[in-house]
Amino acid sequence: MSLLNINNLNIIYNTKGKRIKAVRDLSLNIESQDSIGIVGESGSGKSTLAMAILRLLPREISEITGGIIFDGTDLLRIDEEELRQIKWKEIAYVFQKSMNSLSPVHKIGLQMSDIYKVHESNAADKEIKERIFELFNLVNLSKGVYNLYPHELSGGMMQRVSIALSLLHYPRLLILDEATTALDVVTQGQILEEIIKLEEKLKLTRIMITHDVSVVSLTCKKVAVMYAGYLLESGYVTDVLSSPKHPYTRELLNSYPSLTGDRNSLKGIPGSLPDLSAVHQGCIFADRCKESMDICFISEPKSIEFSNDWKVACHLVGGVYGD
Ligand code: ATP
Ligand code: SF4
């Protein structure tokens, strides 16, 4: 069953006299209980896409067209009150510095209770405390954390608290935006393992934004590869990351070590992302692609669907050329 359907989404930032096309004509369907990793280099539009789901983008400068349908409701077209009912209750978002939004002068437990009451104003204190302890247990935190201040927590504990917070209302969709990236490899591995267990228990659907393909290969069922705002390849991890059809996915895979590998051995892909405010012709990756052909500089490849929900936008596999 489809839980989130993103249709022809375009997002432009109007800033400093430029129009930065951060997401371009992107369509993606996410099924209930999917775990999907959105990968791509820095600046490819991953966070912009994820933040658009909960309308977290700066409204004054962002121009959004298309649809983001969550369980039949277009999130881009509901009013603030309707959105408030969905935010955190149905869809929760954890980012790298989620804990920064907590007050440094109040204890964790008190702040979590207050946040819980925003949606459940009649809940009794005892019931809330039990709920928080249950969540601490789920993310492997001791009850003692309830009485600690944010500055008393390690990085790993902070991210566990952020994840516990995001689960306060048992959301159906959890968006993790580089939520474990800053942690050491061991802590990251532990937290990801816990999240996978939680998904089975709570029947969660997860979107995971990361620049690290190895994390996706270890923790997600599906993957979507973004580059300069475009979705270039998507499908099951077992297909896409085992035998990628798109040259960019191949480059991305070559440039990252395994989860346990040496982070210093990151190779990076030669060249850099194009100017997102410039007009371009043909394939957006053509300037950096080792396999480019003449047609790639003239015509934009359309997304072609293969079996098993595998989609690829590249002239090498399409044989069908854009307008
Ligand atoms: P990273 O991994 O570095 O977070 P990303 O793939 O998540 O990168 P985004 O952060 O979504 O990419 O950025 C996509 C493009 O939009 C980039 O060119 C970025 O500079 C631009 N951008 C992002 N946020 C804003 C903003 N608030 N104002 C203007 N431009 C922005
Ligand atoms: Fe490379 Fe051409 Fe495919 Fe683009 S369309 S990725 S330039 S082969």
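None of these values were measured; they are calculated from a predicted model. (Residues numbered from 1 in each chain as written. Chains lettered and ligands numbered in written order. Predicted model: local features only at pLDDT ≥ 70, side-chain atom pairs only at ≥ 80, totals over all residues. Heavy atoms only, no water.)

Peer 1: Looking at this model, I keep getting lost on the site of ligand 2. Mind explaining?
Peer 2: Near ligand 2 the following residues occur: H246, P247, C283, A286, C289, E291, S292, C296, P301, C314, H315 and L316. Looking at the shell around ligand 2 residue by residue, the classes come out as 8 nonpolar, 3 polar and 1 charged. (Near = heavy atom within 4 Å. Nonpolar A, V, L, I, M, F, W, Y, C, P; charged D, E, K, R; others polar.)

Peer 1: In this structure, what is going on with the sheet that holds strand β4 (residues 62-70)? I would like to understand it.
Peer 2: Hydrogen bonds between backbone groups are what pair the strands of a sheet, and the pairing can be parallel or antiparallel. The 4 strands are arranged β2-β1-β4-β5 in an open sheet whose pairing can be described as antiparallel. One side of each edge strand has no neighbouring strand; the edge strands of this open sheet are β2 (18-31) and β5 (73-74). As paired strands, strand β1 (residues 2-15) and β4 are joined by 8 bridges and run antiparallel to one another. In the sheet register, I6 faces β4, and the bridge partner there is I68. Lying on the sheet, helix α1 (residues 46-53) is in contact with β1, β2 and β4; it crosses β1 at an angle near 115°. (Pairing = 2+ DSSP bridges. Helix = DSSP H or I, 4+ residues; strand = E, 2+ residues; numbered from the N terminus. Contact = heavy atoms within 4.5 Å. Axes fitted to C-alpha atoms, helices over the stretch in contact; angles between N-to-C directions.)

Peer 1: Help me understand the nonpolar core, please; the structure alone is not making it clear to me.
Peer 2: Side chains that are nonpolar tend, in soluble globular proteins, to be buried together. Core analysis: the largest hydrophobic core is formed by 62 residues, its most contacted members being I108, M112, F136, V223 and Y248. Per element, the largest residue contribution to this core is 6 residues, and it comes from helix α4 (residues 125-138). Y248 has contacts with G40, E41, V225, M226, Y227, L232, I269 and F285, leaving out every residue within four places of it along the chain. One finds Y13, V23, I38 and L173 within the second-largest nonpolar core, a separate group that totals 35 residues. (Core = buried A, V, L, I, M, F, W, Y, C linked by side-chain atoms within 4.5 Å. Buried < 20%, exposed > 50% of the residue type's maximum accessible area, 1.4 Å probe, protein only.)

Peer 1: What exactly am I supposed to notice about α1 here?
Peer 2: Note on helix geometry: an α-helix contains 3.6 residues per turn, so any two residues three or four positions apart are oriented the same way. α1 sits mainly inside the fold: 6 of its 8 residues count as buried. Taken together, the buried positions of α1 are occupied by K46, T48, L49, A50, A52 and I53. After α1 finishes, the residue R55 shows a positive phi value of roughly 55°.

Peer 1: For this particular structure, what's the right way to read the site of ligand 1?
Peer 2: If you check the shell around ligand 1, you find 15 residues, and the closest are S42, G43, K46, S47 and T48. For ligand 1, an oxygen atom lies 3.0 Å from a polar atom in the backbone of G45. In this structure, S47 approaches ligand 1 through a main-chain N or O atom, which is 2.8 Å from an oxygen atom. Protein chains bury 66% of the 630 Å² of accessible surface belonging to ligand 1 in isolation. Mapped by element, the contributors of at least two residues to the shell around ligand 1 are β1, β2 and α1. Top contributing element to the shell around ligand 1 by residue count: α1, with 3 residues. A per-class count over the shell around ligand 1 returns 6 nonpolar, 7 polar and 2 charged. (Polar contact = N/O pair within 3.5 Å; in protein donor to acceptor, adjacent residues only side chain to side chain. Areas by Shrake-Rupley, 256 points an atom, 1.4 Å probe, with all protein chains shown as cover.)

Peer 1: Even after reading the chapter, I still don't get the pairing of strand β8 (residues 205-209), so can you show me in this structure?
Peer 2: A regular strand places its side chains on the two faces of the sheet in alternate fashion. Of all the 5 residues making up β8, 5 are buried; the element is thus mostly covered by neighbouring parts of the structure. Residues T205, I207 and I209 line one face of β8 and the alternating positions R206 and M208 line the opposite face, and both faces are buried. As paired strands, strand β3 (residues 35-39) and β8 are joined by 4 bridges and run parallel to one another. Residue pairing for β8: I38 is matched across the bridge by I209. You can see the chain leave strand β7 (residues 173-177), run along helix α6 (residues 185-202) and come back into β8, and the turn it takes is right-handed. (Right-handed = clockwise from strand over helix to strand, strands pointing away.)

Peer 1: Got a minute to help me understand the packing of helix α3 (residues 108-119) against α4 in this structure?
Peer 2: When two helices pack together, their arrangement is given by the angle between the helix axes and the distance between those axes. Where α3 contacts α4, the axes come no closer than 10 Å and their chain directions differ by 110°. Comparing their axes, α4 and α3 come out roughly perpendicular. With respect to the hand of their crossing, α3 and α4 are arranged in right-handed fashion. Between α3 and α4, the contacting residues are I108, G109, M112, S113, Y116 and K117 on the first element and D125, E127, I128, R131, I132 and F136 on the second. Grouping the constituent residues of the contact of α3 with α4 by class yields 6 nonpolar, 2 polar and 4 charged. (Parallel < 35°, antiparallel > 145°, perpendicular 65-115°, else oblique. Left-handed = near helix turned anticlockwise from the far one by under 90°.)

Peer 1: Would you take a moment to explain the packing of aromatic side chains for this structure?
Peer 2: What the rule picks out here adds up to 5 aromatic pairs. A centroid spacing of 6.0 Å and a plane angle of 65° characterise the contact between Y93 and F95, whose relative ring orientation is edge-to-face. The class of Y93 is buried, set by a relative accessible area of 4%. Note on Y248 and F285: the rings are 5.1 Å apart at their centroids and 75° apart in plane angle, and the pair reads as edge-to-face. With Y248 in helix α9 (residues 247-255) and F285 in the loop between α9 and β11 (304-306), this residue pair connects regions lying 37 residues apart in the sequence. Per residue, the accessibility class of Y248 equals that of F285, and both read buried. Grouped by ring-pair contacts, the aromatic residues Y227, Y248 and F285 constitute a single cluster. Positioned above the aromatic ring of Y146, the side-chain terminus of K129 is 5.0 Å from the ring centre. In this structure, R131 is placed above the aromatic ring of Y170, and the distance from its NZ or CZ to the ring centre is 3.7 Å. (Phe/Tyr/Trp six-rings, centres within 6.5 Å; stacked < 30°, edge-to-face > 60°. Lys NZ or Arg CZ within 6 Å of the ring centre and 35° of its normal.)

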